[in-house]
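Below, each chain spelled out in residue letters.
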Amino acid sequence: MKYITYNEHYFNQFEHYFEIPYAYNGEFHLALKSKLHEYFLFFKHTIAPNFFDGIVVPGLDDEGEIDFSKGDDNTGGNHFTSLISQLIDAINEAVDLHYQGKLYESYNSFYNVLKNQLIYDKLLIMNYIPSKYMFRLRKVSNKDNYENKYSIFHLPFDLRGKVAQQRYSISGFPSLYLGEDVFVCCKELEVDLSRRSDYIGSVFALKGALKVFQFLRIEQFNDRYVKTYEGHNRNNIIYDYFLTFPLIIACSFRVKDAYASFKPEYIIPQMLLSFIRQDSKIDGILYSSTKVDYSELKNEHPYNLVLPVKNIDSVGYCDTLESYFNWCSPIQLKNAPRKFDNKNFPEFVTRRMTAKGFYNGKKLSNYSNTPYGKIESLLFNELHFLQK
C-alpha cells in the first residue's frame, strides 16, 4: 500500500475553502446552504479524485476495514464524498425542520446521521491536552460573593435559570466555558480593560486528556496535527478533518443581529451540544472565536472550550467536570502587576508566552507585555501559591 506524501503547505492553495468564521448578508439558511454546497463541490472535484490513496476507513467489510488503494474506480473518494453529502443533507434538513417548528424531528435528523458509525468514527474527535492550562473570566457586581473557587465554576444547578442561550449554551443547561489564554476570554466577554475591577479570573490546571470535537482553523490543524503525524496516521487525520468540516462551517457563522431573540446561527451548535450531552465518550467542543480577528495574531491562535455538565442534580455542581481540573479561587483582574512576572510559570508556558505576538498595524507586541499577559501572570502566581 502506498500513501500520498503531502504536508501542511499543500493546503495553502485551498485556504479560501477553510476560512472561518463567516459573516453573511441576507437569510441565514441560504448562506449556510451556499457555503456547504461550495465546500461539497470543492471536496468532490478537487480532493476526492486525487487524495484517497491508501486511506483506511473502519467498518466497511467483514474485517472492519477496506483498502481504498485497490482498484481504479476511486472507491475511497466516492465513499467519503457520500459521507460528506449525508452530513451536509442532515445539517440542512435539521435547520429546515427547526424553521418549521418541528424541533423533535430536527434534532432526530441531526442525531441519527452523527450516530451513523461510518461518520462518527471519522469525525475529528481527539484527545485534547495542548497546554494543560485553561483560563476563565467572569463579570461580577458589588453584590456578588466570589470568596471560594466555585464562584468561577459553571453556574450551580439551583441557578440554572440564569443560563442564557448562546452559541454553545442551551437555556437552563449549565456548561463550563474556558479559553486557551486570557486574550480569547477577554474577547468572548468583550472585557473593557479600563474597568478590570468588574471582572474576576482563574486558571484551571487540566489533570488529564479530554476527548473533544476539534473545530480548528486550517492553520492550527496544520500546526497541531499535520506536522506531527506521518504516513497512514497523517492521511487518516486529514480525512477526519475533511469529514468534520461541514459541522465546523455550520457552527462558525457570526451572529448578524446581536439583539434578535432568535439567532439561527445557534441552531446547529446547540444541537451538537445536546448530542455531546448524550454521548459519554465525548467531553466537549474546542472551537475558534467568532469575535477574534486571527489575522492580528502571531504564532499562537487561542481557542475556546465548552464542557457541558455530565451529572445533573437539583443543587451544586457537576462532580465529573470538577474531577477534570485543579483551579484557584478567583481574583480581581485589577490586581494584575504593572510588569510581567513569570517566576512561577512552568517553563513551557514561559516559552509560549514569549513566542506569542500581536500585530498592531505594522508593530508587533510581545504577548507578555500586553494586559492579557500580565493578567495571566497574576493568575498563574495565584495557582502556584495554592499548590505549594
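Just above sits the structure.
Residues numbered from 1 in each chain as written. Predicted model: local features only at pLDDT ≥ 70, side-chain atom pairs only at ≥ 80, totals over all residues. Heavy atoms only, no water.

### Examining unusual backbone geometry
Convention followed: Numbering of helices and strands runs from the N terminus, with a helix taken as a DSSP run of H or I at least four residues long and a strand as a DSSP run of E at least two residues long.
Here the bond from Ile20 into Pro21 is cis, since omega is 0°, no more than 30 degrees from zero. With respect to the secondary-structure elements, Pro21 resides in the loop between helix H1 (15-18) and helix H2 (28-47). Here Glu190, not a glycine, exhibits a phi torsion of approximately 55°, which is positive. Among the secondary structure elements, Glu190 is positioned in the loop between helix H6 (182-189) and strand E6 (199-206).

### Considerations on the pairing of E6
Under the convention used in this document: Think of it in three bands: residues with accessible area under 20% of the maximum for their type are buried, residues over 50% are exposed, and the middle band is partly exposed, with areas taken using a 1.4 Å probe on protein chains only. Two strands form a pair only when DSSP identifies at least two bridges running between them.
Burial of E6 is extensive: eight of the eight residues sit out of reach of the surface. Burial along E6 is two-sided: Tyr199, Gly201, Val203 and Ala205 facing one way and Ile200, Ser202, Phe204 and Leu206 facing the other are all buried. Note: strand E4 (residues 133-139) against E6, seven bridges, orientation antiparallel. Paired with Arg136 across the strands is Ser202, a residue of E6. Both E6 and strand E12 (residues 331-332) contribute to a ladder of two bridges, which runs antiparallel.

### Quick notes on the nonpolar core
Soluble, globular proteins show a tendency: their nonpolar side chains are buried together. Let me state the cut-off plainly: Grouping buried Ala, Val, Leu, Ile, Met, Phe, Trp, Tyr and Cys residues that are joined through side-chain atoms within 4.5 Å yields what is termed a nonpolar core. Two residues form a contact once any of their heavy atoms are found within 4.5 Å.
Core analysis: the biggest nonpolar cluster contains 90 residues, and Phe213, Phe215, Phe221, Leu247, Ile268, Leu272 and Phe325 have the highest contact counts within it. Here this core gets 11 residues from one element, more than from any other, and that element is helix H8 (residues 231-250). Discounting chain neighbours no more than four positions away, the residues touching Phe221 are Leu124, Leu216, Val226, Ile237, Ile238 and Tyr241. Counting residues in hydrophobic clusters, the runner-up holds 24 residues, among them Tyr133, Val191, Val292 and Leu379.

### A look at the environment of Pro308
As for its position among the elements, Pro308 is in strand E10 (residues 304-308). Judged by its relative accessible area of 1%, Pro308 falls in the buried class. Separated by 135 residues in the primary sequence, Pro308 and Phe173 have C-alpha atoms spaced 8.0 Å apart. The residues contacting Pro308, other than those within four sequence positions of it, are Phe173, Pro174, Ser175, Leu273, Ile276, Asp283, Gly284 and Leu321.

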